[in-house]
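# A closer look at the structure
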Amino acid sequence: MNFFINGKWSGSGLETIDVTNPATGDVIDTVPRGSTNEANEAATAAHKALQSWSGLAAAERSNKLEKWFNLINENHEELAQTMTKEQGKSIHEARGEITYANSFIKWYAEEGKRVYGETIPASTPDKRLFVTKQPVGVVAAITPWNFPAAMITRKVAPALAVGCTTIIKPATQTPLTALKLAELSVKAGIPEGVINVVTGASSEISQAWQEDTRVRKLTFTGSTEVGKTLMSGASETVKKISLELGGHAPVVVLEDADIDNAVQQAVGSKFRNGGQTCVCANRIYVAESIEEEFTNKLKKAVEELKVGNGLDEDTDIGPMIDEDAVDKVISHIEDAKSQGAKVVTGGAKKDGLFLTPTVVSGVTEDMACMNEETFGPLAPISTFKTEEEAIHRANNTIYGLASYLFTRDVSKAIRLAEKLEYGIVGLNDGGPSTAQAPFGGWKQSGIGREGGHHGIDEFLETKYISLKI
Ligand SMILES: NC(=O)c1ccc[n+]([C@@H]2O[C@H](COP(=O)([O-])OP(=O)(O)OC[C@H]3O[C@@H](n4cnc5c(N)ncnc54)[C@H](O)[C@@H]3O)[C@@H](O)[C@H]2O)c1
Ligand SMILES: O=C[C@H](O)CS(=O)(=O)O
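Bear in mind the structure is a predicted one, so any value in this text is a computation, not a measurement. (Residues numbered from 1 in each chain as written. Chains lettered and ligands numbered in written order. Predicted model: local features only at pLDDT ≥ 70, side-chain atom pairs only at ≥ 80, totals over all residues. Heavy atoms only, no water.)

## Focus on the UniProt feature "active site" (unreviewed entry) in the protein chain
Going by this rule: UniProt positions are given in the numbering used here, feature names are shortened, and annotations may be inferred rather than shown by experiment. Secondary structure elements follow DSSP: runs of H or I of four or more residues count as helices, runs of E of two or more count as strands, with numbering from the N terminus. Here a residue-residue contact requires only that any non-hydrogen atoms of the pair lie within 4.5 Å. Accessibility here uses a 1.4 Å probe with only protein chains present; expressed as a share of the type maximum, an area under 20% marks a residue as buried, one over 50% as exposed, and anything in between as partly exposed.
Sites flagged by UniProt as "active site" (unreviewed entry) map to E244 and C278. Despite a sequence span of 35 residues, these residues sit close together in the fold, their greatest C-alpha distance being 9.0 Å. Here E244 lies in strand β11 (residues 240–244). Every residue in contact with E244, bar those within four places of it in the chain, is listed here: R154, F220, T221, G222, L401, F439, G440, G441, S445, G448, R449 and E450. Here C278 lies in the loop between α9 (259–271) and β13 (281–287). Here C278 falls in the buried class, since its relative accessible area comes to 18%. When residues no more than four places from it in sequence are discounted, the contact partners of C278 are N146, L245, G247, E373, F375, L401 and F439.

The structure is reproduced here in structure tokens:
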């Protein structure tokens, strides 16, 4: 499959990169290894398309986004199958992601028509003051492998809705879903050059875009480490920047919690996408008095999860994305065991890239799983004596993306939610992400928001107009 620049498939003749199914190891396709030249071609195409696309009425852009939304719906299953084959997640999670990804297009098709300005009372009678919002321009998006569709539409939908054009570098492991989405955008009548997708050498492509003054916005989703590199590079040309980075979500289960719900929500958060999700529960803090009941119920629920090829309808957890991912999870399990943690269930590596969902108890703060993003199916349980201790430990991290709190006491929920240093707090809810709400992190989990009306501001410039009459 070639990449997509200026409405045309291109990249033939370039060196290619294999796209591999992590469940089987089979090469399912290849994509061109684009680099600086192709990055510049994409930026040129997006810059050329900018004036006409931004010159459309918001309602006209909205109509084209709606057609894209409808075409994605018509191709829902093919997109989901492609995603599972290149990323590994279960087919029902892939279907869910296509729906989730498409909900951003639906939401921003409407939101783009509500980018309002304002008038400001002048200090003198001979002036009129206005504030307007205009598209930032060409947007470069660099996205991760764990959500091959949603991490793209969560950026591209608001960008297009307000009149920006886009150049996208999807993760090397999962380019096919992105390319299919781009192909459907042209069929929807979104003009050539509005969405461009380049596959290949990440650092060379992003370097070209960071240096290019035609690129006015860099939006990145991925690890905190890479995010810091890109933040530094973007500063050379003072680009607007959005960073959706790593997480290390705590789950805090208070003594008065509905334990059955807490277990259900913790399993949903922890083992979604096999734990390869930025908002996954990474640490589970349980009040001492309910540890035994919570742990036994969690063990039972985890042991019901089926590991297998994501294309099998009854699979809950597919393979990890690669060997490094498997090695990291195993290293976190072995580190915890070496420091005295007990394996409640799982702990074993299966064939290939498959891992048994694992719960360990008796976990302490020095263990790697309590400080590094595990990004895999490992649920560490640690107990606490007081709410103050739980909140302090939950906040004791460089990350600040998602956190989860379980209690029946609404006042306590609000009071403690306000103490959690995170951009997202799920109260009795392990799955807060939705298109109409702002998603993003505090501290080293990122800058900016995606989703909701906050997410559209990331692609707008503010202009103040002073008129002397
Ligand atoms: N906050 C969020 O919304 C969110 C969402 C999904 C994933 N993530 C985070 O992303 C990470 C997992 O994704 P990943 O492994 O793809 O992350 P990653 O940072 O390794 O890669 C992300 C993207 O950056 C590219 N990239 C890698 N090195 C680069 C470099 N030096 N210069 C330019 N581009 C480079 C990759 O090819 C990919 O397209 C986890 O830390 C996860 O928490 C965060
Ligand atoms: O992995 C990161 C995604 O942003 C998670 S979610 O699908 O948005 O919850």
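## Observations concerning the packing of aromatic side chains
Heads up, the condition is: Here a Phe, Tyr or Trp ring, Trp counted by its six-membered ring, pairs with any other such ring whose centre lies within 6.5 Å, and the pair is stacked when the planes are under 30 degrees apart, edge-to-face when over 60, and tilted otherwise.
Enumeration according to the criterion identifies 3 aromatic pairs in this entry. Note on Y100 and F104: the rings are 5.1 Å apart at their centroids and 70° apart in plane angle, and the pair reads as edge-to-face. On the criterion of helical spacing, the pair formed by Y100 and F104 is a turn pair, its members being 4 residues apart in helix α4 (residues 91–111). Take Y100: its relative accessible area is 15%, and that puts it in the buried class. Judged by relative accessible area, F104 falls into the buried class, the value being 1%. Here the aromatic rings of W145 and F375 are separated by 5.7 Å at their centres, their planes lie at 85°, and the arrangement is edge-to-face.

## Brief notes about a nonpolar patch on the surface
The test is simple: Patches draw on residues past 30% relative accessible area with no salt bridge. Two like charges within 9 Å are joined, as are two nonpolar side chains (Val, Leu, Ile, Met, Phe, Trp, Tyr) within 5 Å. Under the convention used here, a 1.4 Å probe and the Shrake-Rupley method define accessible areas, while residue burial counts only the protein chains that appear. Within this document, salt bridges are pairs made up of a side-chain nitrogen of Lys or Arg and a carboxyl oxygen of Asp or Glu, the two lying within 4 Å of each other.
Where nonpolar side chains cluster on the molecular surface, the patch consists of V410, I414 and L427 and spans about 260 Å² of accessible area. Looking at where L427 falls in the secondary structure, it is placed in strand β18 (residues 424–427).

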